[in-house]
Amino acid sequence: MAAVAVEEPEPCGSFRRYLARLGALRPQPGAERPDGGRRTELHLLFDQLISESCGPAPADVCALLAQACQLVHLDQEHLVSKVCQLIHHLLNRFQVMVDEQNLNFLLSYCISALKQCSSWTHVEILQALAALVYNNGPKCQKYLPDLLGKTGLLVQFSDSAQPDVELRRAAVRSMANLCLSVPGQPYLDESYRSVCFQTFLSVLQSSKTSDVDDITFCMLLQNALKGIQSLLNGGKMKLMQTDQIGSLLAVLKKCMFHGLPGLSIEMPTALYPAPLPQYDKRSPIKQEQSEPELQKKKSKGKQKKGEFGEEGKEDLGDAGNESVLGADMLKLHLGDVQNSPCSDPRTRASDVAHVPAGKDHLSSHYTSWKRISSSESEYSDAEGGIQSKMRSYQANVRQGALACFLSAIKSIEKRVLYGYWSAFVPDAPGIGSPQSVSLMTIALKDPSPKTRACALQVLSAILEGSKQFLSVAEDANDHKRAFTPFSVTIASSIRELHRCLLLALVAESSSQTLTQIVKCLANLVSNVPYSRLKPGLLTRVWNQIKPYICHKDVNVRVSSLTLLGAIVSVQAPLPEVQLLLQQPSSSGLNNSGSATPHRFNSSEQWRKALPSEGEPPDNPAGCTSSEPCWLLRLCVSIIVLPREDSCSDSDANFPSFSSVYEPCPLRLESLQVLALLVKGYFPMAQSYFLELGEVACRCMEEMDPSIQLHGAKLLEELGTGVLQQYKPDSAVAPDQRVPVSVVTFWTMMLNGPLPGTLQNSPHATLQTSACDALSSILPEAFSSLQNDQQILCVTLLLGLNHSENPLVKAAAARALGVYILFSCLRQDVMFVADTANAILNSLHDKSPNVRAKAAWSLGNLTDTLIINMQTMGQSFQEEFSDLLLLKMLRSATEASKDRDKVKSNAVRALGNVLHFLQPYHIANPRFREAIEESLQALISTVQSEATMKVRWNACYALGNVFKNPALPLGEAPWTTQAYSALSSVVKSSMALSIPSKRECYGSTEQFCQIWSALVIALQKSEDTEDFLEFKYSASLRTQICQALLHLLSLARSTDLPVIWETITENGDAIKSYVLQYLKLGVEENEAGMHTDLYERERVLKGAIEHLGGIEKQLEGKARVRVSAYLEDVLTNHANATELTEA
């Protein structure tokens, strides 16, 4: 097709001569029509031009075509036909883009010719038109009414009533070319888009009549499919209407199977979404048979009819590029495995029962599945010319439909698309019913490897982002119901997808298609909720993929590692995957095909070459085998060992193949798998901690920045894994953790490539990753580092905080926020001051990401101020610079007005700084204004429309403010505003229970407002509409009850009338919540949650005693009996507790 010409050679002189000859044939003034001789010469000249092979200059072609059209009058139809052939030929052959002036002239000529010339010329004219409008759509705006209007020429010629199929095809092709988008240019108007879409749809819905040639019909369908694809891609068309989506998907499904040997399907004109299947024909009891029973049946050869369903019925003939299934497949699974020294035949035999489904079944389907293996060409020459050509065109239709479907998936919302799941994704066939046709039918049956790859790409696109949809799947519990729940239907579909894809895997011989199968499996694995399904699916995938790690094609090897990475990252840690990782290295490994068995023996070298002192003697990972983890060993061998095998065909794609190592993409994928393995299964990986550290170290010393980057990411995961083990809430027993002597690991890093990477790297992403790695050091290990290494770490981070790259600066600011919490650093006033200045500098950065990280670090730094105040006393407060403290207060106040990600930590910092302030700070006039501003910032944040996290942090910050006895709580004007703001939001209940004196709550009116607000909040705490943001309503009620009892224990006599009024109105509700609060304390204590069993009762008794004293002083002046009400609550609680114990 015509596109912008690349640099052309010098135009042929002969072409210029043709141009001159055309000029000489211009009619003389006064001559209306060319005479016979001139007409003959034009015919001859056009024929010579059509056969011309020399590449002309684009300008010459445009000038020649314009001149040719000027010479040919529209009533000379043979010449019109010939000149249109010339336009079509020259534009396509020499890839010429016509300039706008000549385009206007030639388009006008073609449109006039269509209107005036006889119908026998129309096909050639339309072909010329198609070549002219190709990639020129935006320049054809003024001709669109003539072409695509209600009575437009293309609309008429492409109508389903048009008897001439060739003419219809040429019109559809022109229309499709008009729909092509040009980057940066306006697209077709909506009205024209709609006309084209309906035209293409009606073409695809039409059936082939007996008088229509097969190849012509295929070309017609292909052009319509290209048109729809252009509308979806270029027009960014969003498919919204159900009828529009249903009609399109129906025709695409029909065309997906067009001409597929042995398959004929009837499709309705539209598909309809099925959000929930109502009934299922399968018998619930039979369907729920356990897997071992099914395996026994399969091994006896009593195969369910339709086990392979439609996929195994028809003979595909000789049209294929595939390995022979059946006997060969059985040999692949059994013969080769049993002869292999590094295989576990039992593992593989069980796989055969699962996937190919047994020997008897395979042999019985031998002829059904036979595909003749040949070269990489699509079809065998033995089929004969016409037949072969027709098969090729039919395959192109199927590929066009699948490419169009891929574009449609991007144009349909995922939640809408999944309504059509069952139309394209296989489900396990019911007993006695055939398997429905699906994308897997094509992936398993289509004779063209390219079409199979297209079907797998579409399936991958459907699976991408399907996690939420598939999350409902469940078959872990056997259901015995009259209907099949939706969760079980989806689970069944997931199982069938695994079965079919694994079947396709062993059947495929084309490397490109094999890569797509493995990628599709990886996409499936990443989105399936395996924890809700019966185990076994991942084991089959794991065992089936092992041989492909050693495939001759590097792309297959890379995608196989991606799949293994998906297995170790999905919902980690999964018990099934833990067992797989603990299998002996040789288990299930198959040397069939192009595997290189010696690679796995040579990989032992890495174990011998690397230090092993980091491996705990008692093997805390719990591995049953003394051999190292197969996957870990494989990845390390790919990363660090020199390559031993010869290059594959696809190696030429990768420039790094001249190196001694494995191809770069393979090494990168192995590093990513190692990082995922360490992240998801650290207890297993920790046995090889120092070895993995050395791998990361070696990668960071290499020249390739991408290898360095993934080495740094592996280092970060190793550090993070250790940090998780040492967290206070960690379930890992101290003797099962990586020992603190891991300091040798960090010494190795700091003496190795890490400082150089951080200081000198021109690659910002690599520096960022190295920064993250440095921040993952265990605090205890940091304390054990030599003094000069500690100084090195701190100096590097403080220096990087001034980086001009926002990624690096953000990572450095975050790392400083981690280091400031280290006990050996936080007590160093100089380090705290340096860190504070660096963080404040980043807090004013123009990058929002840098400011967000800096705010988080400032929050951590101010947490450190409070810890130091509590542990070191006044000495630290006096040493810390007043000027810096004021600067922190002002910066945090300013940051609290920033976006939410900055604001949430800025308010946390404000609460801490205001808590830290001493009386002499508060008395200082310079501080007074800053304190007032910061308090106003907190109050306005509590009342703002910010996210729940921001407002919660602001409430928590005010609670911290209340802890500072030096602040004039209850007296200052801001107190009223603070309590009013806190009373208006339910998240504040914890903050409201902090002030320890009644004076802090201000006047009686203010105290009563707080009390009433808490009572209302307690009653509404189960109102999910009002409290959707609050994750744990029980926790909320606990805090409110705590605050209410705290207020009662501080109440004055003037507060009691309002309190009594509330109790009179809502006494029963309050009573039930307080009893629940007391009961929860008992339950938490019994569950070993270290709750003080008597603390809640003590607070209640304290309130009763306090109120009893006040009521006694009133001597009956007021009929208030709050203490009696509370005594009743306590009695009820005591009785309930005794009953429970009894």
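Chains are numbered independently. Their residues run from 1 in the order of the written sequence. Only residues with pLDDT of at least 70 get local features here, since the model is predicted, and only at 80 or more are side-chain atom pairs given and counted; chain-wide, interface and lining totals rely on the full set of residues. Excluded from the side-chain calculations are hydrogens and water; all other atoms, namely the structure's heavy atoms, are used.

Draft legend 1. Structural detail: the pattern of salt bridges. Think of a salt bridge as a Lys or Arg side-chain nitrogen and an Asp or Glu carboxyl oxygen that are within 4 Å of each other. Summed over the entire model, instances satisfying the criterion amount to 16 salt bridges. In this structure, the salt-bridge partner of E413 is R415, at a minimum N-O distance of 3.1 Å. A simple rule labels every residue: compare its accessible area, found with a 1.4 Å probe on the protein chains alone, to the largest value its type can have, and call it buried under 20%, exposed over 50%, or partly exposed in between. A residue is classified by how much of its surface remains accessible, and E413, at 38% relative accessible area, is partly exposed. Put simply, D1128 and K1071 hold a salt bridge, and the shortest N to O gap is 2.6 Å. One end of the pair, D1128, is in helix α58 (residues 1122–1141); the other, K1071, is in helix α56 (residues 1056–1086), with 57 residues separating them in the sequence. Classification of K1071 by relative accessible area gives buried; the value is 18%. Secondary structure elements follow DSSP: runs of H or I of four or more residues count as helices, runs of E of two or more count as strands, with numbering from the N terminus.

Draft legend 2. Summary view of a negative patch on the surface. A cluster of acidic residues, E894, E929, E932 and E933, forms a negative patch at the surface. When residues in the negative patch are grouped by element, the largest group, three residues, is from helix α50 (residues 925–943). If you trace the backbone, E932 turns up in helix α50. Without a salt bridge and with relative accessible area above 30%, a residue can belong to a patch; like charges are then joined within 9 Å and nonpolar side chains (Val, Leu, Ile, Met, Phe, Trp, Tyr) within 5 Å. Using a 1.4 Å probe, accessible areas were evaluated by the Shrake-Rupley method; residue-level cover was limited to the displayed protein chains. Charge counting treats Lys and Arg as positive and Asp and Glu as negative, with His and both chain ends excluded. In this description, the location of a charge corresponds to atom NZ of lysine, CZ of arginine, CG of aspartate or CD of glutamate.

Draft legend 3. Quick look at unusual backbone geometry. Here the bond from A572 into P573 is cis, since omega is -5°, no more than 30 degrees from zero. For Q95, which is not a glycine, the phi torsion comes out positive at approximately 50°. Locating Q95 in the fold gives a position in the loop between α4 (77–93) and α5 (100–116). Overall, the relative accessible area of 31% leaves Q95 in the partly exposed class. Not every positive phi belongs to a glycine, and Q571 is a case in point at roughly 45°. Turning to its location among the elements, Q571 is positioned in the loop between α28 (554–569) and α29 (575–582). Owing to a relative accessible area of 35%, Q571 belongs among the partly exposed residues under this scheme.

Draft legend 4. Structural detail: α28. Multiply 1.5 Å by the residue count of a helix minus one, and that product is the helix's expected span. With 16 residues, α28 should reach 22 Å at 1.5 Å per residue; the first-to-last C-alpha distance of 23 Å fits that figure. Burial runs high along α28: 13 of the 16 residues are buried. Two residues or fewer past α28, Q571 is found with a positive phi of approximately 45°.

Draft legend 5. Geometry of the packing of aromatic side chains. Stacked, tilted and edge-to-face are the three classes applied to pairs of Phe, Tyr and Trp rings, where Trp contributes its six-membered ring and a pair requires centres within 6.5 Å; stacked means planes under 30 degrees apart, edge-to-face means over 60, and tilted covers the rest. Counting across every chain of the model gives 14 aromatic pairs. Between Y418 and F469, the ring centres sit 4.7 Å apart and the planes meet at 15°, which makes this aromatic pair stacked. Placement of the pair is Y418 in the loop between α20 (414–417) and α21 (421–424) and F469 in helix α24 (residues 467–470), with a sequence separation of 51 residues. Overall, Y418 belongs to the buried group, its relative accessible area being 8%. Here W542 and W630 contribute two aromatic rings whose centre-to-centre distance is 5.8 Å and whose plane-to-plane angle is 65°, an arrangement assigned as edge-to-face. In this pair, W542 sits in helix α27 (residues 537–545) while W630 sits in helix α32 (residues 630–640), placing the two residues 88 residues apart along the sequence. By relative accessible area, which is 1% here, W542 ends up buried. By relative accessible area, which is 3% here, W630 ends up buried. Here the aromatic cluster, defined as three or more aromatic residues joined through ring pairs, consists of Y418, W421, F469 and F486.

Draft legend 6. Here's a closer look at the nonpolar core. For our purposes a nonpolar core is just a set of buried Ala, Val, Leu, Ile, Met, Phe, Trp, Tyr and Cys residues, chained together by side-chain atoms within 4.5 Å. Of all hydrophobic cores here, the largest spans 340 residues; its most connected members are F405, L631 and Y819. Of all the elements, helix α25 (residues 486–507) adds the most residues to this core, at eleven residues.

Draft legend 7. Local environment of the environment of H1106. Position of H1106 among the secondary structure elements: in helix α57 (residues 1095–1114). With 54 residues separating them along the chain, H1106 and R1052 place their C-alpha atoms 9.4 Å apart. With residues near it in sequence (within four places) discarded, H1106 still touches L1048, S1049, L1050 and A1051. Should any heavy atoms of two residues lie within 4.5 Å, those residues are considered in contact.

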